[in-house]
Structure formats: structure tokens, C-alpha cells
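Close look at the chain arrangement
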Amino acid sequence: MEGDSNNTLKKIKKSFSFVDRRNTVSIMNRQDELKPGVVAMIKSSPSKLAEASINILSCKTDNDIANELVNICKYAEEFQYVQEFEKRDGINYLIELIKRTPAFYDMHCSTLGYALQALYLVLEIMGTDYWDRILDNMIIKKMVDIVKSDQSKKKVLGAEQFSRTSTMSTNTLTRNSSIRESDYNSSNNKNVTGDKEPLMGQYALSVLDSVVRFTETGNEIICNLLDVTDITIYITDQNMECSQYALALLNAMFSKADNKLKFNEKLMECNTRVRIEKLLPSVSSEYNMDLSHHISEYQHYIMALHKEPSETPVSLENAVHKSMLEKIKIDALTDDGEWSYLGFSNEEDLTADFQNCPPGFLALQCINHFILKYRDKHREMILEQLSKDKDRRCPFVRAAAAVTNILYQQLRIGRDYIGVEIDFLPILFSKDNVFYELFCISILLFNTTWHEMHAKTSDFSKVVDVVNEQLQFVLKGEKKINNLEEFKTSLNNIPFSKIQEQRLKSLEKDSLPIIELREKLKPGLQDMVNKQRLTVLEAGELFAVPRTNKSRKSLYCKLSSNHKFLHYGFNIDSNTAPSIEELPEKLSISDLENIVLWKDLKKTSRRGLDSPLGFSIEYNQSQMAGEVKTIDFIARTEDVFSYWTDGIKVLKDEDASNKSAKEHLSMLLEMELKIRQLDILDIEGLSLPEYKPSIPSLPDNFNFHYSFN
């Protein structure tokens, strides 16, 4: 839009807006946004819309105000509108409206709900500095009363039609982005009725969340008015969206709490962990990114409770520390037992193993939890060492400190929270004090691995490395562990022998001679895979054809033995595979131009080519530009699709590269490498035995010695 036309729009207060998007084209961005092919529409400018909104909020009837609030929620998607709305003191109009509007009385219920929703959306666009403007006791108390009210809880927890799964943009993570998306989708409703009234409880929670996060005094005000119990009740699998807002507010209060241990005790009393655990089966990081983000944040806060003890060295001058150390001996040994059986590094200084931070005092806490809950196991582990040589004993205390440090590192307790994470471990919500429970299972694993490795005291660091790999394999594997029983079972399935096998494979992969041999063998084996694909094409195959061509029901295709022609025919009626002579059509390989996989096509370009096992061959027999024709194929199985698409690539002098081709190449490489490593093919006259060799009898005596040096 240039010249007089642009001035005309300015005079009548109109602007361009995209048909399929929500943002407005302004004078500043029109050069970048208005391009050939873009569909836009003329509508009222943001300034005119904001002016109309203010006029209605200031002097219209309740019904008009309620309907305009719906429009404000929709317009709040546009930054230009929000700026104009704020310039006209729109935020204060909303605040005053919320103050004077009673809750849960017929029409006022809808008005208040949409007012809270509009206030949140406008302030979110304007930025964190604006949240101080609603630090008013009256408006805060109004939102607290909404959250605490039985009516609000009933509407949220009892209305299944409002139970929606939160969504978010794949590019942007916001604290409550589902508010913006779902509200836009429903905001075109012009008549506000009781059936369509918003759920005030969840919007009040969202506003309170922002007040706590973005103001200095908001947390103190809200904590004095609102109990944790009133928030946790909104965490329910009946309403995932509301659970998201409640959890966001709890996280905000958790982050601002002066005494986080005491705050966590309140959360435990309210069964917050149990409520979150019930959400997990329905939560997907891909489709519930907002809720996943808040669960991840909550996980960080409960794990961070262990950070302070991990940074505190143990001291005998501390009465609590001293009593815990004494308890280790009392519960494991008789009065005349020796401290050396317990596995301290330094029997003269019992605190030496707890000086490194982490794990510090946290390791001693874990040991005492283990003694308290598994006293018999602890005693059994210690007494077991009495029957072993001193060099073969598994040092319990040293092992406990090492295991605590491994868990500390793997659960990333010491790091600062990034704020955009969406990943969480379900097992951390399976039990209260779950870190200690993980330790109890892991220290038993350490003891088992020690014996499997036939370790000595000098091998301690090697055992630590193996246990670290075992725990990493389980905690960071593709399959998420849901509970402690799964955790224990998974660890039992990864003995030292499996770790050793994995290490050998890794060593083979990383070894320079193996890498060089692999690269040397690869071209020949790739050629073998390519030839196998062509052999499949020579055998021929029956394909389906697109439904758009009703005269053709099937297609049979076969590659000639000299690899120069593709012979094919439609609707071949034969119980056996037809010969090349029976196929009426043929296509020279030299005319092949391209192969198109239907699954790679855009939806708008498919025109009936919608099968994931479909592909097309493009060819040109006239040697003239623009004369490209196609033959369409629909394979009956995934294997046929893979072999034929790869085979056609080979005909075009490309390598077979589908998933199955890569698997076959990898398998052949591994087999060839193992044969080469056996080093038997180059030894003249040596052949593999056809039968299992007999086992020789035992010698007459064993009076001999063999040195491995």
C-alpha cells in the first residue's frame, strides 16, 4: 500500500491484517510483511479498537462489558492493540472492574472471569514491570477468595467439558501459553452466557502466579492470605489445564520461600507429590509442554533441597553429625567391633570421607536413612566383610559417599534451574524422600558389583566408574523409569558383564585401526548391498496404483537382467510372476530422471498420492524440457518399498540408503570385522572345524605355574 492509499487508511483508522494470522500490518513493517501472494484484509486499526474498548468499559451495560472483554482477550494477541489499550489507561479500567464486580452471581460470574483473563493477557504482553500495578489488597484478596471458594473448585474439578489439555507453540515456551491459544479459539462468541463462562479459579491462579514471580512483595501478601492446601486441590487429572496453573503458582511460591524445607513439609502434608504422580500418565512433553515445564520446575525444587547438606562438611563438633556416625557402628557391630569393618578411609578421622562437598553431610544422611529402614541389610553387608581378607572388603562408608555423589551428579542437583526445561523423571514423584530410596537401592548395587568384579581396595575407583555407568544407563535411558521397583529391576538387568561388553564394543568403535579397517571394507560391502537391491528388482514385484486412475488396478514391474530396462504392465492377470516378454511396456534406465517419495510431498501437492508406501518414477523419453511423465507405485509392505526405492537409486548410480540398507551394511561390517579380528583367513591351511572340539582330560597333577607377564 503506497501513497494516497496509505493516507486514506490512516484517515479512516483502518489497517491491514492477515487472514490466517493474528498480527496487524503497520506502516513500520509493511515492507517486510506485505509480499506477493499474502492474503490480508482491511479492518479497524488497533488505536480505534482500543478506543472502542475503553468507551464500552467506562459507560456501557454489564452485558456489553462482558462481550467486549471477550474481544479484548482476542485483540490482546496484537502488541499494537495492547500498547494503545495501555495508553488509554485500560489496565486501570480492568482493575477497577475486577474490584467492583462480585463473584459467582449470574452475569457477574462471566464478567469477572473474562476480566481476569483479559488482565492477565494484557499484562503478559506489556512485561514484568507492570505487575506491580495490581499490588492492591482488595484485588489480591478478591482473587484469593475466588481460589478458596467452593464454587470455583466445583466448576474446575467437576466440569469435565472444561478439562482441556494445554498446548503451546513449538518455538516459544511461556508459563501459561494455553491461556492465549484456547482463549483465542473461543473468543469469537458474541453472546456471553452461563454455559460459556470462563473458569475463574484457573485465571485467578495464573494472575497470582505472575504477582508472586514478578513483584517483590507479592509472595508475602499472598502467603498470608492463601494456604498451600487451597492451591494443591486444583492439581487433578480431571482438569490438566487448571493443574498447570496451580502447579505454576506453587513453583513460584516455592522459589520465593525463605524456608524451603518447611514449605516442602506443607506440600507433603497436602499430598502434592501424589497428585502430580497421577498426572504423569497423561502428560506428554510434546503435547503438554507447559505442564511438563512446570513439573520439571517442581522436580528441580524438591531435588535442590539436598543441595545445602551436600555443601556442608561433617564435623564431630556438631552433635547431630556425631550421633549419626555413632549410629553406623552401633547398628552394625557389637561393642567390641572395629571401625575398620565399616570401610572408613581414615579410622583416626571418621569425618574424612564426608569432607568433599558434594556429597558432604548428604552422604551421612543417606547412610542413616539406609540403617533406619534396612537395618538387617546394613548389618548383613558389614558382617559379610568379616569373612574376607582386608584387601577384598567392600568399604561401606567410602562406597556410600561415592554412590551419593553419583546420584547427586546424575540428578543434576547442584545446577541452577534454566527455566525452559520440559524433561522430568517420573521416578522422582513415586515416593517421598525419593533420593534416599534411590541411594538404598544403589548402595546394594555397589556391593553386588564389587563382588562381581572380584575387586580389591585398589580397584575402588574402577567399581565407582562401573556403578556410575549402570546408574546412567537406567536414569538416562530411552525408557523412563516410573517407580522404585522398575529402577531396581533395570539395575539388576545391567550386571558388570554387560557393562564390560558395552565397553569392549565402544573400544572397538573408537580404536583407530578398527576405524581405518571399517572405512576400507565399507565400499565393497556397500556394493554388495546395492547388488542385492538390484537382484530384488530383477525378481519383479506386484504393486497397487493410485485410486485416482480407476481403469488401472495393479502394476507389475521387473528389471531386465542387463539392468538397462524396467519392464512393466498394468492389470496383469496371472497366478504366477509374468516373464519380461509378457510385460507390454518398458522404460529405458537412461530416461530415468528422479524418484519421488509420496511421504515427502506436501499435503497440498499429493492429489491422492497419500500412501506412506507410495513412490513415483519421473522419466522423459522425448529429451524435451517439460515432457516429464511419471509411473506411480504403491508397495504392499515396508520391505518392498525399501528395496525398490533403494534399487531405483542404485540404477541412478546412487547408493542404497534406506534404513534397512543401513542396517544390512552395519551387520555386514560387524561380521567382517569379527572375522578379520579372528585372523584365521590369512593363515594357510587353517579352516574352521565342522564339529565341536573334544575337551581334553585333566592333567595328572597341577604342579605348575603360568605367568601372564
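Residues numbered from 1 in each chain as written. Predicted model: local features only at pLDDT ≥ 70, side-chain atom pairs only at ≥ 80, totals over all residues. Heavy atoms only, no water.

The next subject is the nonpolar core. Counting residues in hydrophobic clusters, the biggest one holds 143 residues, and the most contacted among them are Leu 69, Phe 439, Ile 443, Phe 446 and Phe 487. Residues Leu 534, Leu 555, Ile 589 and Ala 656 belong to the second largest nonpolar core, which totals 37 residues. (Core = buried A, V, L, I, M, F, W, Y, C linked by side-chain atoms within 4.5 Å. Buried < 20%, exposed > 50% of the residue type's maximum accessible area, 1.4 Å probe, protein only.)

Bringing the packing of helix H20 (residues 361-373) against helix H23 (residues 434-452) into the picture now. Remark: H20 packs on H23, axes separated minimally by 9 Å, with the N-to-C direction vectors making an angle of 80 degrees. By the angle class used here, H20 and H23 are roughly perpendicular. Residue-level inspection shows Leu 362, Gln 365, Cys 366, Ile 367, His 369, Phe 370 and Lys 373 of H20 in contact with H23, the latter providing Phe 435, Tyr 436, Glu 437, Phe 439, Cys 440, Ile 443 and Leu 444. Its residues placed into classes, the contact of H20 with H23 shows 10 nonpolar, two polar and two charged. (Axes fitted to C-alpha atoms, helices over the stretch in contact; angles between N-to-C directions. Helix = DSSP H or I, 4+ residues; strand = E, 2+ residues; numbered from the N terminus. Parallel < 35°, antiparallel > 145°, perpendicular 65-115°, else oblique. Contact = heavy atoms within 4.5 Å. Nonpolar A, V, L, I, M, F, W, Y, C, P; charged D, E, K, R; others polar.)

Here we come to helix H17 (residues 289-304). Spanning 16 residues, H17 covers 22 Å between terminal C-alpha atoms, matching the ideal 22 Å at 1.5 Å per step. The element H17 is extensively covered by neighbouring structure, given that 15 of its 16 residues are classed as buried. (Expected span 1.5 Å × (residues − 1).)

In this section: unusual backbone geometry. With an omega of -5 degrees, the peptide bond running from Cys 357 to Pro 358 counts as cis. With respect to the helices and strands, the residue Pro 358 is situated in the loop between helix H19 (319-330) and H20. Here the bond from Pro 358 into Pro 359 is cis, since omega is 15 degrees, no more than 30 degrees from zero. Tracing the backbone through its elements, the reader meets Pro 359 in the loop between H19 and H20. At Asn 271, a position not held by glycine, the phi torsion is positive, near 60 degrees. Along the chain, the position of Asn 271 falls in the loop between helix H15 (260-269) and helix H16 (272-279). A positive phi is found at His 454, a non-glycine position, where the angle reads about 50 degrees. Within the secondary structure, His 454 sits in the loop between H23 and helix H24 (460-475).

Quick look at a nonpolar patch on the surface now. A grouping of Leu 698, Phe 702 and Phe 704 is seen on the molecular surface, where their side chains present a nonpolar patch of about 410 Å² in accessible area. Mapped onto the secondary structure, Phe 702 falls in the segment after helix H29 (659-678). (Patch = residues over 30% accessible without salt bridge, like charges linked within 9 Å, V, L, I, M, F, W, Y side chains within 5 Å. Areas by Shrake-Rupley, 256 points an atom, 1.4 Å probe, with all protein chains shown as cover. Salt bridge = Lys/Arg side-chain N within 4 Å of Asp/Glu carboxyl O.)

Time to look at the packing of aromatic side chains. Applying the stated rule across the entire model yields 19 aromatic pairs. Pairing Phe 254 with Tyr 301 gives two aromatic rings, centres 5.4 Å apart and planes at 35 degrees, and the pair type is tilted. Placement of Phe 254 in helix H14 (residues 240-256) and of Tyr 301 in helix H17 is noted, with a sequence separation of 47 residues between them. Looking at Phe 254, the relative accessible area reads 0%, which means it is buried. (Phe/Tyr/Trp six-rings, centres within 6.5 Å; stacked < 30°, edge-to-face > 60°.)

Chain-level statistics for the protein chain give a pLDDT mean of 80 and a share of 79% at 70 or above. Confidence drops under a pLDDT of 50 for residues 1-22, and excluding neighbours within four residues, the segment shows 56 contacts in the predicted structure. Throughout residues 159-175 the model reports pLDDT below 50, and contacts reaching past four residues in sequence, or to other chains, amount to 45 contacts. (pLDDT = per-residue confidence, 0-100.)

Further remarks concern the packing of helix H8 (residues 137-148) against helix H12 (residues 218-225). When two helices pack together, their arrangement is given by the angle between the helix axes and the distance between those axes. Closest axis-to-axis distance for the H8/H12 pair is 10 Å, and the angle between their directions is 45 degrees. Classified by the angle between their axes, H8 and H12 sit oblique to one another. Crossing of H8 over H12 shows right-handed handedness. In this structure, H8 contributes Asn 137, Ile 140, Lys 141, Val 144 and Lys 148 to the contact, and H12 contributes Ile 221, Ile 222 and Leu 225. Classifying every residue of the contact of H8 with H12 by side-chain character gives five nonpolar, one polar and two charged. (Left-handed = near helix turned anticlockwise from the far one by under 90°.)

A few words now on the environment of Gly 540. Considering the arrangement of structural elements, one finds Gly 540 in the loop between helix H27 (512-539) and strand E4 (541-544). A residue is classified by how much of its surface remains accessible, and Gly 540, at 11% relative accessible area, is buried. Taking the C-alpha atoms as reference, Gly 540 lies 7.5 Å from Ala 577; in sequence the two are 37 residues apart. Residues in contact with Gly 540, not counting those within four places in the same chain, are Tyr 556, Cys 557, Lys 558 and Trp 644.

Let us look at the pattern of salt bridges. Counted according to the given criterion, the structure contains 15 salt bridges. A salt bridge links Lys 87 to Glu 84, with the nearest nitrogen and oxygen atoms 3.8 Å apart. In this pair, Lys 87 and Glu 84 both sit in helix H5 (residues 79-87), three residues apart, roughly one turn of the helix. Note that Lys 531 and Asp 527 form a salt bridge whose closest N and O atoms lie 3.4 Å from each other. Linking Lys 531 with Asp 527, this pair stays in helix H27, spanning four residues, or about one helical turn. On the basis of relative accessibility, which here comes to 51%, the residue Lys 531 falls in the exposed class. What you see here is one network of salt bridges that share partners, running through Glu 84, Lys 87 and Arg 88.

Here H19 spans 16 Å end to end across 12 residues, near enough to the 16 Å set by a 1.5 Å rise per residue. All of the buried residues in H19 are His 321, Met 324, Leu 325, Ile 328 and Lys 329. Projected down its long axis, H19 carries its buried residues within an arc of 145 degrees, all on one side. Exposed and oriented more than 90 degrees from the buried face of H19 are Ala 319 and Ile 330. Buried residues in H19 make contact with H20 and helix H21 (375-385). Of the residues that open H19, the one with a side-chain oxygen 2.9 Å from the backbone nitrogen of Val 320 is Asn 318. (Arc of directions from axis to C-beta. Polar contact = N/O pair within 3.5 Å; in protein donor to acceptor, adjacent residues only side chain to side chain.)

Take Lys 649: it is sitting in helix H28 (residues 638-651). Despite its burial, Lys 649 pairs with no opposite charge, the nearest such side chain being Asp 646 at 4.4 Å. Those residues within four positions of Lys 649 in sequence are excluded, and the remaining contacts are Ile 595, Glu 654, Asp 655, Ser 657 and Asn 658. (Lys, Arg positive; Asp, Glu negative; His and termini not counted.)

Counting through the fold element by element, Arg 533 comes out in helix H27. Setting aside residues no more than four positions away along its own chain, Arg 533 makes contact with Tyr 643, Asp 646, Gly 647, Ala 656, Ser 660, Ala 661 and His 664. Engagement of the side chain of Arg 533 in a polar contact is seen with the side chain of His 664, the distance being 3.2 Å.

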